[in-house]
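# Structural characterization, general
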Amino acid sequence: MTRQTHRLNGTGRRLDRSKPISFTFDGKRYGGFEGDTLASALLANGVRLVARSFKYHRPRGIFTCDPHEPSALVQLRSGARQEPNIPATMVELYDGLEAASQNRWPSLRYDLLSVNQLFSPFFAAGFYYKTFKWPAKFWTGLYEPVIRRAAGMGRLSGSIDPDTYEKIHHHCDILVIGGGAAGISAARAAAQSGARVTLIEEHARLGGFDGTGLEQDIAELEALVNVRIMPRTMVFGWYDNNTFGAVEQVSDHLPVPAAHQPRQRIWKIVAPQVILATGAHERSLIFGNNDRPGVMLASAAERYLRDYGVRPGSRAVIFTTNDTTAGLAKALGAAGVTVAAVADARNGDEIETVHGRTAVTGVTLRQRDGSRRTVDCDAVCVSGGWNPAVQLLAQRGQKPRWSDGLQAFLPQEMAGAEFLCTGSLAGLEDREDCQAHGRMAGEVAAQRFAAPDSADLASYHSYLEANEARAASFAYFETSAGKSKKFIDLQNDVTAGDVSLATREGYRSVEHVKRYTTLGMATDQGKTSNIHGIAAMSKALDKPMDQVGTTGFRPPYRPVSLGALAGRSRGKHWRPILRTPLHGWVEDKGGVFIESGLWHRSQYFPKPGETMSQAISREVQAVRSAVGFCDVSTLGKIDLQGPDAAAFLDRVYSNGFAKLPVGKSRYGLMLREDGIVMDDGTVSRLAEDHYFITTTSAESESVISHLEYCHQVLWPELDVAFADAGEDWAGTALAGPRAREVLARIAPELDVSNAALPFLAARECTILDGVPARLFRISFSGELAYEIYVPSPYGRPLAEALEREGADFGITPYGVEALDVLRIEKGHVSSELNKFTTAADLGLGMMMSKKKDFIGRALSSRPGLTDPDREVVVGLKPLDPSHSFRQGAHITARGAPLAPENDDGYITSSAWSPTLESHIAIALVRRGQERLGEVVEIIDPLHGEDPVPATIVSHHFYDPENARVRS
Amino acid sequence: MRIPCPLCGDRPLEEFTYRGDATLTRPAADAPMEAWVDYVYLRDNPKGPHREHWRHAQGCGSWLVVDRNTVTHEITQAIQARPGGEVQR
Ligand SMILES: [Zn+2]
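Residues numbered from 1 in each chain as written. Chains lettered and ligands numbered in written order. Predicted model: local features only at pLDDT ≥ 70, side-chain atom pairs only at ≥ 80, totals over all residues. Heavy atoms only, no water.

### A word on the overall build of chain B
A tally of helices and strands in chain B yields one helix and six strands. With the C-alpha coordinates aligned to their principal axes, the bounding extent of chain B is approximately 40 × 30 × 20 Å. Buried residues in chain B amount to 42% of all 89 residues. In chain B, once contacts between residues fewer than 6 apart in sequence are set aside, the share between residues at least 24 apart is 47%. Surface exposure of chain B reaches about 5,100 Å², of which carbon and sulfur atoms provide 49%. (Helix = DSSP H or I, 4+ residues; strand = E, 2+ residues; numbered from the N terminus. Buried < 20%, exposed > 50% of the residue type's maximum accessible area, 1.4 Å probe, protein only. Contact = heavy atoms within 4.5 Å. Areas by Shrake-Rupley, 256 points an atom, 1.4 Å probe, with all protein chains shown as cover.)

Shown next, in the form of structure tokens:
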């Protein structure tokens, strides 16, 4: 373990020196203390070089003490918990922590890709756009792999994240964002009213930039029962109705999360009033080689000294534009660090360039008179002033306002009906101002919460106005001379030269320059650098800062891990699963399930040694020759009642229902108002004013919504009521020539004869010793068939009874595959209802009533929907029965060249028909019904298959006379 | 965004489905084709106040008429679409 060469005795208020910690960086072991961050511990050990930059692979060090650190991004942990691109400044040190540098090969010190620097003209602004336009094949073959390798940041483990993430809602009366001096005062004042206050702080502790002397205030705040303090929590988005998204880093400071704790937690917070005390970010200055390891924000150097007992070097140079560095000079002196020079831009002094490559060795100073001198040093502390953290306000559409006095972009509005701004966000600089105004903000928020519009904001506003009027910040951004690279955006390697090049090339809008140069587009979102891009544009275009303006800001304020956003919605929980009441029975029978929407439906029931297609054919043959049954519980079911029920059905279905007798079922077709078919199903009249409707499984939700619209909005005068009964009933289809015999056994009290229970009969009855049932003689398979519905809890007993009572007749359970083969053989449309087809296209033109108005009637007569050239439903049979074709394959006339204009349609359903011993298909074919008997080509170039000749036939392959369903 | 359902109170956007312009009237059965085309296809896309249909799909199932500002998402009124449902909570 190396010695902590840069650790001081005496300072370091965050440290617990009784608890030493050991960690590794790039495999080398170092020591630190509890309370350290990875950044402070690396600095304490004299580690300067911690990263390579994104584009040029330049050596980089630790630049800030903040979450928006642009340079020191590291890879954390190993194995499945490996996590890339984490700012070392945000990593709380724990014993055994493993960190590694990124974006270097083979090692941080000897990074071969740093040759990119030699090609830097090649990487100038817009290089992606200029270089990689053409030839196209170079992109996938050459450019992309090389760029990916060169510009890669850290790496993911590729393994499943073993940790959990969760989401939680939170409601409070007043939300305070930011736990610095202003936020603490605001929260205390707001809480005095008794309101429920929540205070959110990004860091592990309250106190902000300098928590010294706030200990008592913090302790008092923590003691209040109506205040909730949420440290390690970052508000990443501000949404409508004062809703906030925040992410809490519950366990990131631990080696592994504690038992039953998530790694991170997403908070959705709703608060009628919010106080923004988000503070300010110190900005850098633009001078030659301002990215070298050892160049650091002045406030960061001060915090490392004071909070972590770390000195930035032995000889420091300070480069500043303001008074906030005064304390740093003193602190450096007290720590035994020589302040070799202070270049104060207000005096005309500046740093022209930094010397050293992997660490600072000195600077060239340029003085007011133009003379230069070189000063040896190993640290450069720089302050270009402060940028109020306006990002959340900007997310709400506020354009920040440039203040000449404060030389910063401030909130356009310091208060709105639901928000207040205070602290350095509002342009305040002194702690006393922040505390005094924070109190005002807290009081105003409490008054407003108690009674909206009651608060007087006069002194709240005048305090801020007076502060801004007093301000006389010095306008200075960039050193005036020097030839070395001057970086604006450290994370994306954007230089002052890039911005000036972009303006020379004609870019005028800050949004365009941002995209062209990638300025501010890295994960730090340019918090230390954007302002310098705007300043450089302002200079180049000779436009004032406020006319250049800022770019828009969108959530998130800082990166949020995808794991946190996914929360619990992963693996089998990524979406809900719908199971039918027969699910367990199907499982017990060894049935295979297929996902269909959210449903898990029984697909087929293989016997030992059977392939899927063998099982399907056996199930089909059983239905055709004996009897089978199938779970149809997924169908949508609607119970419709009321004196106007018949009138209502007449309006929502294209065919008529007024004359449907009680005790009968009818196939129904529902259109959209544009004339396209929406859904089909059956309607059964159980009583004069009582109907039972089924819809397709896929459309049940949308049909309910549609019917509700029709009833509530279009025709509220109709006296009907309906309920979604989808989950109330389990359904099975019992089909096959011997279905009647099975039904007789499970419904012994019912007369099941063809005369008493004919095709399309509908009955309410009892089966199985008193189970209430709804029985419909409906057939999808083309055989004698019944749909039997029982209350959901009886679904399984019904399946068991059918299996038991049907055994003598060879009953066979079948799944949706056999169901589909049966209906294709029969020529029932299903997947043909694809939101492009009309009733006529589907061969159902006779279901368009001419006697009444109904949804979709008017527009279904449009020329486009009645064009005789339209594709209509037909059947297809290959000349060679063993030739198969897929759904989606296209149809052309024989001998027609492969061209879009020769496309005559496509296959919508296809199957091997064990009944016909041939592959068959249903297709939508142009003028298809006029072309029965024509031999066409089935082409499937997508799958690289040879054309298959096939004959156009009627899609009613099986029993076209409909004799079997009536038998 | 939250919508004040007159039956259920303030509920989050996720519970609602959107339909669109609530000021349209379904043409009479014998209306000319142009009226139907307008009704089904033509929509204004206003910047500002908009009266629109929403359904509280994951709640009470009500179709609502919601007055929403398309810029600010401010909702000034939400009532049930069916007559007699105008009572605002
Ligand atoms: Zn509701």
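What follows continues from the structure just given.
### Considerations on the interface of chain A and chain B
Residue-level contacts link 26 residues of chain A with 23 residues of chain B. Here chain A and chain B share an interface that buries about 2,200 Å² over both sides, 51% of which is from carbon and sulfur atoms. Where chain A meets chain B, there are three salt bridges. Across the pair Arg26 of chain B and Glu673 of chain A runs a salt bridge whose closest N-O atoms are separated by 2.5 Å. Run the count over chain A and chain B and you get 13 residue pairs in polar contact (both at pLDDT 80 or more). When residues of the side of chain A that touches chain B are traced back to their parent elements, those giving at least two are β14 (264-270) and α19 (700-714) of chain A. Sort the elements by how many residues they give to the side of chain A that touches chain B and α19 of chain A lands first, with eight residues. (Buried area = accessible area lost by both parts, 1.4 Å probe. Salt bridge = Lys/Arg side-chain N within 4 Å of Asp/Glu carboxyl O. Polar contact = N/O pair within 3.5 Å; in protein donor to acceptor, adjacent residues only side chain to side chain.)

### So, unusual backbone geometry
The phi torsion of most residues other than glycine is negative, and most of the peptide bonds are trans. Residue and element names in this part refer to chain A. Here the residue pair Pro555 and Pro556 is connected by a cis peptide bond, since its omega of 0° sits within 30 degrees of zero. You can see Pro556 is positioned in the loop between α14 (545-548) and α15 (562-566). Even without glycine at this site, Asp542 takes up a positive phi of about 55°. Relative to the assigned elements, Asp542 resides in the loop between α13 (530-541) and α14.

### Some remarks on the packing of helix α9 (residues 431-450) of chain A against helix α10 (residues 458-470) of chain A
Residue and element names in this part refer to chain A. The N-to-C vectors of α9 and α10 enclose an angle of 155°; their axes lie 9 Å apart at closest approach. Of the possible angle classes, the one that applies to α9 and α10 is roughly antiparallel. The two elements α9 and α10 cross, and the hand of that crossing is left-handed. Seen from α9, the contacting residues are Glu432, Asp433, Ala436, His437, Met440 and Ala441; seen from α10, they are Ser459, Tyr460, Tyr463, Leu464, Asn467 and Arg470. When grouped by side-chain class, the residues that make up the contact of α9 with α10 number six nonpolar, three polar and three charged. (Axes fitted to C-alpha atoms, helices over the stretch in contact; angles between N-to-C directions. Parallel < 35°, antiparallel > 145°, perpendicular 65-115°, else oblique. Left-handed = near helix turned anticlockwise from the far one by under 90°. Nonpolar A, V, L, I, M, F, W, Y, C, P; charged D, E, K, R; others polar.)

### Considering helix α20 (residues 739-746) of chain A
Structural remark: α-helix, 3.6 residues per turn; residues separated by three or four positions point the same way. All names here are of chain A. Of all the positions in α20, only Ala739, Val742, Leu743 and Ile746 are classed as buried. In an axial view of α20, the angular spread of the buried residues amounts to 100°, which keeps them on one side of the axis. Buried residues along α20 sit against β40 (729-735), β41 (762-767), β42 (771-776), β43 (785-791) and α21 (795-805). (Arc of directions from axis to C-beta.)

### So, the UniProt feature "domain: GCVT N-terminal" (unreviewed entry) in chain A
In the UniProt entry, the feature "domain: GCVT N-terminal" (unreviewed entry) is given for residues 582-852 of chain A. A helix fraction of 27% and a strand fraction of 28% characterise residues 582-852 of chain A, whose end C-alpha atoms lie 41 Å from each other. (UniProt positions renumbered as here; feature names shortened; annotations may be inferred.)

### With respect to the domain arrangement of chain A
Size of an interface, as often reported, equals the accessible area lost when the parts are brought together. All names here are of chain A. With domains assigned, chain A is organised as domain 1 (1-159), domain 2 (165-280 + 388-470), domain 3 (284-384), domain 4 (484-543), domain 5 (606-625 + 636-787 + 803-859) and domain 6 (868-967). On a C-alpha basis, the centroid separation for the pair domain 5 and domain 6 is 27 Å. Counting from both sides, the interface comprises 30 residues of domain 5 and, opposite them, 28 residues of domain 6. Here domain 5 and domain 6 share an interface that buries about 2,200 Å² over both sides, 50% of which is from carbon and sulfur atoms. If you sort the residues of domain 5 by the area they bury against domain 6, Ile824, Glu825 and Lys826 come out on top, with a joint share of 27%. Taken together, the connections running from domain 5 to domain 6 amount to two salt bridges. A salt bridge links Asp841 to Arg870, with the shortest nitrogen-to-oxygen separation between them at 2.6 Å. Applying the counting criterion to the domain 5 and domain 6 interface returns 25 residue pairs in polar contact (both at pLDDT 80 or more). At the level of secondary structure, the elements contributing two or more residues to the side of domain 5 that touches domain 6 comprise α17 (612-625) and α22 (816-826). With five residues, the top contributor of residues to the side of domain 5 that touches domain 6 is α22. (Domains from an automatic or database assignment.)

### What to know about the environment of Gln391 of chain A
All names here are of chain A. Mapping Gln391 onto the fold places it in helix α8 (residues 391-395). As for Gln391 and Phe236, which are separated by 155 residues in sequence, their C-alpha atoms are 9.4 Å apart. Among all residues touching Gln391, those that are not within four sequence positions of it are His281, Lys527, Phe553 and Tyr557.

### Topic: the coordination of the zinc ion
Residues and elements named next belong to chain B. Around the zinc ion, the protein supplies Cys5 (SG), Cys8 (SG), His56 (ND1) and Cys60 (SG) as donor atoms, at distances of 2.0 to 2.3 Å. Here the zinc ion is ringed by four donor atoms whose angles at the metal span 105 to 117°, and the overall shape comes out tetrahedral. Read N to C, the donor residues that coordinate the zinc ion are spaced as C-x2-C-x47-H-x3-C. Residue classification places Cys60 among the partly exposed residues on the basis of a relative accessible area of 34%. (Donors = N, O, S within 2.8 Å, 3.2 Å for Na, K, Ca; no water. Tetrahedral: all angles 85-135°; square planar, octahedral: opposite > 155°, others 65-115°.)

### Looking at the side chain of Thr517 of chain A
All names here are of chain A. With respect to the secondary-structure elements, Thr517 resides in helix α12 (residues 510-517). The class of Thr517 is buried, set by a relative accessible area of 2%. A polar side-chain atom of Thr517 sits 2.7 Å from the main-chain carbonyl oxygen of Val513. One polar contact links the side chain of Thr517 to the main-chain amide nitrogen of Leu519, over a distance of 3.1 Å.

### Structural notes on the pairing of strand β4 (residues 49-55) of chain B
Walk down a regular strand and you will see the side chains alternate between the two sheet faces. Residues and elements named next belong to chain B. Most of β4 sits out of view: five of its seven residues are buried. In this sheet, β4 lies alongside strand β3 (residues 17-21) in antiparallel orientation, the contact comprising four bridges. Following the sheet pairing, Gly20 is matched in β4 by His53. Across seven bridges, β4 lies against strand β5 (residues 63-69) in antiparallel orientation. Residue Arg55 lies in a different strand from β5, and its bridge partner there is Trp63. (Pairing = 2+ DSSP bridges.)

### Overview of the sheet that holds strand β10 (residues 197-200) of chain A
With mixed pairing, the six strands of this open sheet are ordered in space as β11-β10-β9-β15-β28-β27 (chain A). Of all the strands in the sheet, the pair left with one neighbour each is β11 (227-230) and β27 (415-416) of chain A.

### Section: the nonpolar core
Residue and element names in this part refer to chain A. If you look at the biggest cluster of nonpolar residues, it comprises 69 residues, and the most contacted ones within it are Leu38, Leu97, Phe287, Tyr304, Phe319, Ile351 and Val363. Looking at which domains feed residues into this core, each of domain 1 (1-159) and domain 3 (284-384) gives three or more. In contact with Tyr304, other than residues within four places in its own chain, are Ala39, Ser40, Leu43, Ile62, Thr64, Cys65, Thr89, Met296, Gly309 and Val310. Residues Ala190, Leu206, Leu276 and Leu392 belong to the second largest nonpolar core, which totals 58 residues. (Core = buried A, V, L, I, M, F, W, Y, C linked by side-chain atoms within 4.5 Å.)

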